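# Geometric and topological summary
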Amino acid sequence: MKKIHLDRQCGEKVLVALYFALYLTVALTIALNQPLNDTLPSLCNPPDEHSRYKVPLYICNHGTLPTGFEEELFSGGCRWTYGFYTLLPYMVQGYIMRFVNLFTDSPLALLYTARMVNVAIGLGMAVMVLLLGKKLFRDVRVRWLFCFLVTFLPQSIFLHTYVNPDSMCLFSTALMLYGLVCGYGDGFSVKSCAFLTVGVILCALSYYNAYGFILGSAVLFIACFLKKEAGGWRYDWKSFLRKGIPMAAAVLLCVSWSFIRNYILYDGDIIGLTTKENFVKSFGIARDTYYSEGKPLSEMLFHTDFFRGLYYTFVASYGSASLHTWGETYRFYKILFAVGLLSMLCFRSREKKVPRDYRWKQILFHTVMVFCMIMPLILLIRYAYTVDYQYQGRYVLQGIIPLMYYVSRGLEKIPLWRKCPEKGKTFLSAVLLAVIAVSLLITVYVYALPYYLQAPGIL
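Small disclaimer: the values here were computed from a predicted structure and weren't measured. Every chain is numbered independently, its residues counted from 1 as its sequence is written. Totals for whole chains, interfaces and linings use all residues, but because this is a predicted model, local features are given only for residues with pLDDT of at least 70 and pairs of side-chain atoms are given and counted only at 80 or more. Only hydrogens and water are set aside; all other atoms, that is, all heavy atoms of the structure, feed into the side-chain values.

Turning to the overall build of the protein, a few remarks are in order. Helix numbering and strand numbering both begin at the N terminus, where a helix is a DSSP run of H or I of at least 4 residues and a strand a DSSP run of E of at least 2. From N to C terminus, the protein includes 19 helices and 2 strands. Only C-alpha atoms enter the radius of gyration; for comparison, a globular chain is expected to reach 2.2 Å times N to the power 0.38, where N is the number of residues. Over its C-alpha trace the protein gives a radius of gyration of 23 Å, about what one expects of a compact globule, namely 23 Å for 459 residues. C-alpha atoms of the protein, sized along the principal axes, occupy 65 × 55 × 55 Å. The classification of residues rests on relative accessible area computed with a 1.4 Å probe and restricted to protein chains. Under 20% of the type maximum is buried, over 50% is exposed, and intermediate values are partly exposed. Going through the 459 residues of the protein one by one, you find that 52% of them count as buried. What makes two residues a contact is simply this: any of their non-hydrogen atoms within 4.5 Å. Taking as baseline every contact in the protein between residues at least 6 positions apart, the subset at least 24 positions apart corresponds to 76%. If you sum the accessible surface of the protein, you get close to 21,500 Å²; carbon and sulfur atoms cover 66% of it. Where accessible areas are quoted, they stem from the Shrake-Rupley method and a 1.4 Å probe; at the residue level, only the protein chains shown are allowed to cover.

Quick look at the structure:
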C-alpha cells in the first residue's frame, strides 16, 4: 500500500514537471519566433501587437503614461490608439522594459522583454489552474484533464506569448475563482480574501470584457454570509463588514486612480471608449457595421460565419487570425465540448447530498459561472454588431476556466467513465491528455512555426 502511494506521488511530480515544461517550451517558441509587424506569408504576426506594443514602448521611452491622443501611438492609417484602454498590463511591460533599457538599446531585446512579461503571467496562471484543480476535483485524472484543457488549448497559450492585456485578464479570473472556491470552503479566510482582492484589482485594470467576473465575485462574496439557522435566515453582518471593508478599500485604493485619470483626461468618460470612438469619427472615418446599415442582428448571427468563425478562433487561430491548425484538432475539441457539456446537463452527480443550507449557494455559484461565460459573448456580439464586425475567439476566452470545469465534470459523470475500472480510467485520461498535448504541438510546430521562420525578421 505504501509503495502504491509512493508511486502515485512520483507520477504526480512527473506530471507537474511535464505540465510546466510543456507550457514553457511552447510559449517561448511562439514568443521568440513570431514577427511583430504585418508580414507575409499569411500575416503571421499576432493580432494588433504592432499597435499595442507602442504603448509599453512609449512608457519605456518617456517614463510616463500616454493618453489616447498621442500621435506616437498611431499605426499607419489607424487613427486611434490603445492609449484609451486600461494600462496596467502595458505599465508592467513598459517599466520592466525601461529597466532592461539601462543595459541594452536593442529593439529586439525590448520586444522580447514585453512578451516575456506575458509568458511569466501565463506561467502564473498555469500555477493557479493547478491549485484550482486540486480544490475542484477529487479524482486526480479529471483534475489533470481540467488543467490541460485550460492551459493547453492552443488559443489559450497563444494569448500569453505577445503584447496584449488578455494574458493578465485570464490570470485575474484564475485568482478570483481560486479565492471564491477557497472562500466558500473556509468562510473567506485572509488567504481567500487576498486572492480574490488581487484578482479583482488585476481584472479591473486589464480588460473590460471580464468585468462580469468582478460583478459575479461580489455577488458570491455577499451571499456567502447569508446563513439558514433554526427559526429562519440570518445575515452575518459582522463577518461581512470585517472582511468586506478591507477588501473594498484595497480595490478602491488600487483601481480608482485609473478611472479618475480617465475622468480628468476625457471629460468625464471614466472608461475612455466613448472618447476613443468620437476621436475616430473626428478624422472622418466611418465604421460600416450591420447596425449602421440597418441590418438586423439575426442577419449577422445566422447568415454569416459568425459562430463558426468564433469557434475556430476560440480553439486555435494564430497570427492575425490567419494561421489555423489541423482539422482534426477542431473536430476533437468539438466532440469533447459537446460530450462534456451534454453529460454535465443530462447525468446526475453521484456525490453525497449537500446540506440544504449549502444547496442554494451551489446553485448561485453555478449561475454566476454561467453568467461569467456568457457575458464576454454578449459584449462581443454587441461590439461586432455596432462597432466592428469581428468573431475573434480571444474576446470570449475569459470564460475558459468555468467552461473547462463543466466539460471536465461532465466527462466525469458519463456512465461509461463511472463503470470503468481504475486502470481503464487511467488509460482513458492518459489518452486524452496526450491528444491535447499533441494537438498543441502540431498547432505550434507544424502549422505556425514554419510561417514564423519564413518571415523576413521578428521586428
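On to the environment of Thr197, then. Within the secondary structure layout, Thr197 lies in helix α9 (residues 190-204). In this structure Thr197 touches Met247, Ala250 and Val251, once residues within four positions along its chain are discounted.

This part takes up the packing of aromatic side chains. Centres within 6.5 Å are what make two rings of Phe, Tyr or Trp a pair, Trp counting through its six-membered ring; a difference in plane orientation under 30 degrees is then read as stacked, over 60 as edge-to-face, and the rest as tilted. This structure, assessed with the given rule, holds 43 aromatic pairs. Taken together, a centroid distance of 4.9 Å and an interplanar angle of 85 degrees make the contact between Phe148 and Phe152 edge-to-face. Here Phe148 and its partner Phe152 are both found in helix α6 (residues 140-152), 4 residues apart, which amounts to about one turn of the helix. The residues Phe148 and Phe152 share a single accessibility class, namely buried. An angle of 70 degrees between the planes, with centres 5.8 Å apart, marks the rings of Tyr184 and Phe365 as edge-to-face. Residue Tyr184 is located in helix α8 (residues 166-186), and its partner Phe365 is located in helix α16 (residues 356-386); the two are separated by 181 residues in the primary sequence. Classification of Phe365 by relative accessible area gives buried; the value is 16%. Aromatic rings pair up to connect Tyr184, Phe188, Phe221, Phe225, Tyr235, Trp237, Phe240 and Phe365 into one cluster.

With that settled, the discussion passes to helix α11 (residues 237-265). The first and last C-alpha atoms of α11 sit 39 Å apart over 29 residues, in line with the 42 Å expected at 1.5 Å per residue. Residue Val255 marks the point of greatest curvature in α11, where the axis turns by about 40 degrees. Those residues of α11 that are buried lie in contact with α9, α10 (211-223) and β2 (232-235). Taken from the residues just after α11, Asp267 is the one with a positive phi, measuring 50 degrees. One fewer than the residue count of a helix, multiplied by 1.5 Å, yields its expected span. Two axes are fitted around each residue, one to the seven residues ending there and one to the seven starting there, and the angle between them is reported as the bend at that residue.

We now examine the pattern of salt bridges. Here, a salt bridge means any side-chain nitrogen of Lys or Arg that lies within 4 Å of a carboxyl oxygen of Asp or Glu. Applying the stated rule across the entire model yields 10 salt bridges. The shortest N-O distance in the salt bridge between Glu49 and Arg115 comes to 2.8 Å. Pair noted here: Glu49 is in helix α2 (residues 49-52) and Arg115 is in helix α5 (residues 107-136), with a separation of 66 residues, a long-range link. This pair shows no difference in class: Glu49 is buried, exactly as Arg115 is. A single salt-bridge network, built from bridges that share partners, covers Asp139, Arg141, Glu422 and Lys425.

Let us now look at the side chain of Thr325. Its location among the elements puts Thr325 in the loop between α14 (306-315) and α15 (327-346). There is a polar contact of 2.7 Å between the side chain of Thr325 and the side chain of Thr443. Each residue touching Thr325, except ones within four places of it in the same chain, is listed here: Ala316, Tyr330, Ser439, Thr443 and Tyr447. Any pair of N or O atoms that falls within 3.5 Å is considered a polar contact. Within protein, one atom must be able to donate a hydrogen and the other to accept it, and sequence-neighbouring residues count only if both atoms are side-chain atoms.

This paragraph deals with the packing of α10 against α11. Between α10 and α11, the least distance of the axes is 12 Å, while the angle of their chain directions is 160 degrees. Taken as axis vectors, α10 and α11 run roughly antiparallel relative to one another. The chirality of how α10 crosses α11 is left-handed. From α10, Tyr211, Phe221 and Ile222 reach across to α11, where they touch Phe240, Lys243, Gly244, Met247 and Phe259. Residue polarity is assigned by list, with Asp, Glu, Lys and Arg as charged and Ala, Val, Leu, Ile, Met, Phe, Trp, Tyr, Cys and Pro as nonpolar; anything else, Gly included, falls into the polar class. In the contact of α10 with α11, the residues fall into 6 nonpolar, 1 polar and 1 charged. Axis lines are fitted through C-alpha atoms, for helices just across the contact stretch, and the angle between N-to-C directions can take any value from 0 to 180 degrees. Angle categories are assigned with fixed cut-offs, so that under 35 degrees is roughly parallel, over 145 is roughly antiparallel, 65 to 115 is roughly perpendicular, and the rest are oblique. Crossings are sorted by hand: turned counterclockwise from the far helix by less than a right angle, the near helix makes the crossing left-handed, and turned clockwise it makes it right-handed.

Our focus in this paragraph is the nonpolar core. To form a nonpolar core, buried Ala, Val, Leu, Ile, Met, Phe, Trp, Tyr and Cys residues must be joined to one another through side-chain atoms within 4.5 Å. In terms of nonpolar packing, the biggest core is built from 117 residues, with Tyr19, Phe146, Tyr318 and Ile401 touching the most fellow members. In terms of residue count, α8 provides more of this core than any other element does, 13 residues in total. What Tyr19 contacts, discounting residues up to four positions off in sequence, is Ala126, Val129, Leu130, Trp144, Cys147, Phe148, Thr151 and Phe152. Residues Leu36, Trp80, Leu111 and Tyr112 belong to the second largest nonpolar core, which totals 25 residues.

Time to look at the environment of His160. One can find His160 in the loop between α7 (154-158) and α8. Overall, the relative accessible area of 2% leaves His160 in the buried class. Separated by 35 residues in sequence, His160 and Met125 have C-alpha atoms that sit 9.7 Å apart. Setting aside residues no more than four positions away along its own chain, His160 makes contact with Tyr23, Arg115, Asn118, Val119, Gly122, Met125, Ser167 and Leu170.

Patch definition: residues above 30% relative accessible area lacking any salt bridge, with like charges linked at up to 9 Å and the nonpolar side chains Val, Leu, Ile, Met, Phe, Trp and Tyr linked at up to 5 Å. Taken together, the side chains of Ile260, Tyr263, Ile264 and Ile270 define a hydrophobic patch exposed on the protein surface, amounting to about 430 Å² of accessible area. Considering the arrangement of structural elements, one finds Ile264 in helix α11.

A separate point is α9. An ideal rise of 1.5 Å per residue puts 21 Å on 15 residues; α9 measures up with 21 Å between its terminal C-alpha atoms. All of the buried residues in α9 are Ser192, Cys193, Leu196, Thr197, Gly199, Val200, Ile201, Leu202, Cys203 and Ala204. Looking at the packing, one finds that the buried side of α9 touches α4 (88-100), α8, α10 and α11.

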